[in-house]
Structure formats: C-alpha cells, structure tokens
Amino acid sequence: MITKMLNNRTELQKFLFIRGFLITSKDIPDTNVFPFYGNWKKEKHGNYWYMAHNLTGMHIYEDNGTVFFIMGHAYNPFTMEHEEQAILRRIAQSYGTDSYISCLNELTGIFVAGVAKGNEIEFHVDASGMQSACYADIDNTLYVSSHPQLIGDLCNLQMDDFVKELISYKWYGRVMGPYLPCDMTPFSNVKRIVPSIMYKYNEGISHYRFWFNKPISTATTDEDYQKVIESAADILKNNMTLITKKWNNPWISLTGGIDSNTTFAAANGNYDCFETFSYVSAEKEVPDTEAAAKISEAFNIKHNIYNIPDNNEDIEDYDAIVAILNHNNGYVAEGKGNELRKRIHLHRNCNCDVEVKSWTSETIRGYWYKHYGRKTMPELSPKLFRNLYKIFITNRSLAHKIDKLFAEYIEKFEYKSIPSCYPPADIHYNEVTWGSWGGMNISEMKFCFDITIAYNSRRFLDLLFRVPLDKRISDQHHLDMKKYLNKELYDMNIRVVNLKETRFRAFALNVIFTINSFLPF
C-alpha cells in the first residue's frame, strides 16, 4: 500500500525513513527504488556498507584498516570538539586503552557510533537512546538501522504475533503513549539497541554493559552538592556553545517548564545565536507559550509562536504523510491528531535547522517518582519494570507474558549488577522508556528538522545522579543550576505547572500502581 502511494507521489518519497541510516554487511545495489528512492548516500568502508538519508550525518574515519563511525551527530563538552571527524580521531587514539569507554561517555548528541575491523564490528547508541536504533542478524547478514521497518522492508519480515496482541490491548497507549517493552521491535528477529550496552558482531551478536556499572557517591554535604551543580551546569553551558558552532540557525524549544528554562539559562552568553519557539496544538499549551514569550522578550531573543491547525482537513497531504510516518515507526505508535498536525505544520513553517530539546533531563529528575507521587519504589523485579511500562489490571494473562519478557530482559542486560546508587526506576526510565518510546518519538519529530539535546551525555547524567533523590524529585538541582547559569532568569520565578492536575493524576496512578503490584495472575 505504502509503495503504491509513494510510486505515484514522488515528491513525498524523501520523507520515507527521513534522517535514517543503515549499516550492513550486504551490498544493496539499487538504491533508486523502494525503500530508498535515490534519497540516500552509500559508501563502503572495510567489509561494511554505510548508508544514510541525505539529511543524516554519516561520519567515517579510517585508521590502519579500522573504521570508526558516527551515524547522526555528536559533540564533546569536555574537549569542546564539535566536528565529528575530530571526535572520531580522538576515539581512534583511545581505542584499545582503558580510556576508550571514558572517551565515549563524554559525548553529547543523538547517534549510533562504533568501530569495525574486518568482519568484526561493535556499536552502541547515545546515552538515553534518543537515536532510534536496532539490529538484526538475518541469513548471516548484519543490519544496524535507525528504523526496524527499514530492515523489515529489505528482508520481507512480518509483524510478530505477540506485538499484534500487545498493540491491540486497549490500554497500550496509556503511560507515556504507545511503545514496545524490553528491546522489542515489530519483528521478532530485529532488536532495539539498548542504551549503556556495547554490541559486538562477528558470526553472531554478543554484548556487555559499559555504563551504570560503577558505584558513585551521593553529594551529602552542601559543598559537594554545590560542586556537582556547578560542574553539571558548566557542561550544559559548553554544550549550548557547541550547538552554536555546529548549526547555523539553532532554536530552543521553550516553555514555562523547568527543563527548557534550564536549557535557556545554559545559553546565557550565546543568546545572540539563538531564537526560541513554542506552539499551540491544544488549549493547555497556551500558558507555556505565554511564559516562553515573556522569557524571550526579557532577554531580547526572537520568539516564534506556531498555532497548529485544529482540523486534519486544514493540512495539505495529511493522510499521505501520516501513512508515511506510520510506516516509519513500524505501525506500533499511531500518533494523536494534534501531534501529527504539529509535525507537518512545523516542517512547513519553522525555519530553524535544529531544535534544542530538553528531554533526557527527566532521567535525573526522578520522573517515575513524580509520575506516581512516590518517594520510594519497589526493588528491581520484572513486576516493577512491567508496572512502570503499562497498566495490565484487566488483562492478567498479558501481564504474565510481559513479566516473563522483562525477567529475560533484566537478566540479559545485567540489571542486577547495577550498583544501588542508581535506582532501578530511573534506569528503567533511561533505558526502556527513553530508549524505546523516546527514541521512536525523536525519530518522528526529526521529520520537521534536526534535533539535539544538551542533557544527553553519560558523564552529565552520571554527575547529577550524585544529587540526593529528594532533591531530584523536588527539582531543586534544576533550580540551582538555573540560578547559577542565569540569576536574572531565576529571579523571574517563571514556572508553569498545573499542580492540581499533576497531583490528582499522581494520586490516581499510584492507586493503580499499588493495586497492580499486589494482584496475582
């Protein structure tokens, strides 16, 4: 169906797997037909072919027969390198030494990166899996891609029967929206690349955990806490400076929320390089838009407001573009009308070349604790991961199946070896929720423009995991970073939070969470 439509609408072909990539050990000779339609570049380095949509960064560095690659973009706030070739050269210098993983953990960005030598290749995704990424070993051929559906199209794969059952469940779209658990994709033999995991391929796939595997100390004294705040804020400020060097027209997605406020504060000293924007696709977004406009005006920054049309009929080619977006996500995440209209409207009307988003900071803001109105969480278990994933009160058979999947997932990716200083709920949020739901959403949002996230660095997240949990839940650490970065903004005391709605939702969800924790199969 999608092929027939695209063959007739050649002007829409460029949107298929937009900003995607593919690494494979098998040559694909004709890239002028579905699913590439001549919109992809292809290079062979060593034993692998590297392919990327024309809007995707594809960075290759070869050193004595070893190939180092970044698919997407990266920058380093510790060395202040913003060009991927320089970053890859430094990675190459550290490869095979004790500093290799430390070098990788310095990076910020949205990418899949790795090393290939001969038939052996290793790869990993950015800190929180904001780059949607998956892999498959099919008929002794390796595929590493941004889109599971791309592998499905190339290999004529069919959606897994359990995935069909899960996405038809009436509450599948609840709790963060529709996404698959564990490392699942629409296809049983295609798996999601989990953040913090290094994958290796050589006649089969193996992997090991390289992050969240060393204890860190909590900043218990005021002096230690302030050092953490200042160090973390300096990383954010460096990242915002690097963003101005990497892109010509970066815009900050600004609301009245604490995340984007802190991002805006980190741009202090570079405000002449940024514009801000917000949008109204639902009535509840109006207060955020007003707050964003007020902040921007106070610092003489141009603020752009986009009023998203209320009706699908007001968007030209709405049905055709939505069909492409649904194909891109593998038919597991049908979007809401206002969100889809927003994507198309921003694509056609927004003039930035990159959106600076504030996602992944919620990992170290104790999101699940806030979401459920809890100060503590149960210990690591398949049931905990299932309860943080979806609500299965009315379908205990499906709950049992999900528990079995998470039991295998927890064992497979060494969650029991993670030190206790990293709460299991936060790790779930970073590696399951962000890695699956977040990466897929960012992939769809990149239909509009490129996206970067200043918080998406392992060393940055690791630093703020030293903040005591109560301060993370209360957002005190974000407020303190904002104060350090831009005291004038801090003193404006602008923060949009519907406390009544938030508290009621947290209360109701905690009741459901508690019931779901005790119900037998």
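Residues numbered from 1 in each chain as written. Predicted model: local features only at pLDDT ≥ 70, side-chain atom pairs only at ≥ 80, totals over all residues. Heavy atoms only, no water.

Participant: Where do I start with the overall build of the protein in this structure?
Facilitator: Secondary structure summary: the protein contains 19 helices and 17 strands in total. Counting only C-alpha atoms, the protein reaches 60 × 60 × 60 Å along its principal axes. Burial statistics for the protein: of 521 residues in total, 60% are counted as buried. Pairs at least 24 residues apart make up 73% of the contacts formed inside the protein by residues separated by at least 6 positions. The positive charge centre, built from 57 side chains, and the negative charge centre, built from 62, are 4 Å apart in the protein. (Helix = DSSP H or I, 4+ residues; strand = E, 2+ residues; numbered from the N terminus. Buried < 20%, exposed > 50% of the residue type's maximum accessible area, 1.4 Å probe, protein only. Contact = heavy atoms within 4.5 Å. Lys, Arg positive; Asp, Glu negative; His and termini not counted. Charge placed at Lys NZ, Arg CZ, Asp CG, Glu CD.)

Participant: Hey, could you run me through the sheet that holds strand S10 (residues 191-192) in this one?
Facilitator: Strand pairing in a sheet is mediated by backbone hydrogen bonds. Such pairs are either parallel or antiparallel. Pairing within the open sheet is antiparallel, and its 6 strands lie in the order S2-S3-S1-S9-S8-S10. Strands at the two margins of the open sheet, each flanked by one partner only, are strand S2 (40-45) and S10. One ladder, built from 4 bridges, connects strand S1 (residues 21-24) with strand S3 (residues 48-53); its direction is antiparallel. When the bridges of S3 are listed, Leu 22 appears paired with Met 51. (Pairing = 2+ DSSP bridges.)

Participant: Help me understand a nonpolar patch on the surface in this model?
Facilitator: Among the surface-exposed residues, Phe 507, Val 511 and Ile 515 lie close enough to one another that they form a single nonpolar patch of about 290 Å² accessible area. Note that Val 511 resides in helix H19 (residues 499-518). Looking at Val 511, the relative accessible area reads 37%, which means it is partly exposed. (Patch = residues over 30% accessible without salt bridge, like charges linked within 9 Å, V, L, I, M, F, W, Y side chains within 5 Å. Areas by Shrake-Rupley, 256 points an atom, 1.4 Å probe, with all protein chains shown as cover. Salt bridge = Lys/Arg side-chain N within 4 Å of Asp/Glu carboxyl O.)

Participant: Before we go on, may I ask you to explain unusual backbone geometry in this structure?
Facilitator: Across the chain, the bulk of peptide bonds are trans and the bulk of non-glycine residues have phi less than zero. The residue after Phe 34, namely Pro 35, is reached through a cis peptide bond having omega 5°. Phi at Glu 203 is positive, roughly 60°, even though this residue is not glycine. Structurally, Glu 203 is set in the loop between strand S11 (197-201) and strand S12 (205-209). A positive phi angle, close to 60°, is found at Asp 317, a residue other than glycine.

Participant: How do you make sense of the pattern of salt bridges when you look at a structure like this?
Facilitator: Side chains that differ in sign of charge can pair as their charged atoms come close. Evaluated as defined, the whole model comprises 24 salt bridges. Two residues, Arg 9 and Glu 11, come together in a salt bridge whose shortest N-O distance is 2.5 Å. Note on Glu 11: relative accessible area 41%, which makes it partly exposed. A salt bridge links Lys 416 to Glu 411, with the shortest nitrogen-to-oxygen separation between them at 4.0 Å. For Lys 416, a relative accessible area of 64% gives the class exposed.

Participant: Would you mind going over the packing of helix H7 (residues 258-266) against helix H17 (residues 476-485) with me for this structure?
Facilitator: In helix packing, the relevant descriptors are the interaxial angle and the interaxial distance, both defined with respect to the helix axes. Their axes nearest at 8 Å, the elements H7 and H17 cross at an angle of 25°. Considered as vectors, H7 and H17 are oriented roughly parallel to each other. Judged by the sense of rotation from one axis to the other, the crossing of H7 with H17 is left-handed. For the pair H7 and H17, the contacting residues are Ile 258, Asp 259, Asn 261, Thr 262, Ala 265 and Ala 266 in the first and His 478, Leu 479, Met 481, Lys 482 and Leu 485 in the second. Per-class residue counts for the contact of H7 with H17 are 6 nonpolar, 3 polar and 2 charged. (Axes fitted to C-alpha atoms, helices over the stretch in contact; angles between N-to-C directions. Parallel < 35°, antiparallel > 145°, perpendicular 65-115°, else oblique. Left-handed = near helix turned anticlockwise from the far one by under 90°. Nonpolar A, V, L, I, M, F, W, Y, C, P; charged D, E, K, R; others polar.)

Participant: Could you clarify how one ought to interpret the pairing of strand S13 (residues 250-253) in this entry?
Facilitator: Regular strands place side chains that alternate from one sheet face to the opposite one. Because side chains alternate across S13, one face comprises the buried residues Pro 250 and Ile 252, and the other comprises Trp 251 and Ser 253, equally buried. Note that S13 and strand S16 (residues 354-357) share 3 bridges and pair parallel. Bridge pairing links Trp 251 to Glu 355 in S16. Of the pairings in the sheet, the one linking S13 to strand S14 (residues 275-280) comprises 3 bridges and is parallel in character. Note that in S14 the partner of Ile 252 across the bridge is Thr 276.

Participant: Even after reading the chapter, I still don't get the nonpolar core, so can you show me in this structure?
Facilitator: As a rule of thumb, soluble globular proteins bury nonpolar side chains together. Ranked by internal contacts, the top residues of the largest apolar core, which has 178 residues, are Trp 368 and Tyr 415. Of all the elements, helix H6 (residues 222-246) adds the most residues to this core, at 10 residues. Residues in contact with Trp 368, not counting those within four places in the same chain, are Val 175, Met 176, Met 377, Leu 388, Ala 425, His 428, Tyr 429 and Thr 433. (Core = buried A, V, L, I, M, F, W, Y, C linked by side-chain atoms within 4.5 Å.)

Participant: How should the environment of Tyr 490 be read in this particular structure?
Facilitator: Position of Tyr 490 relative to the elements: it lies in helix H18 (residues 487-492). It is 45 Å that separates the C-alpha atoms of Tyr 490 and Leu 405, two residues lying 85 residues apart in sequence. Aside from chain neighbours lying at most four places away, what touches Tyr 490 is Leu 479, Lys 482 and Lys 483.

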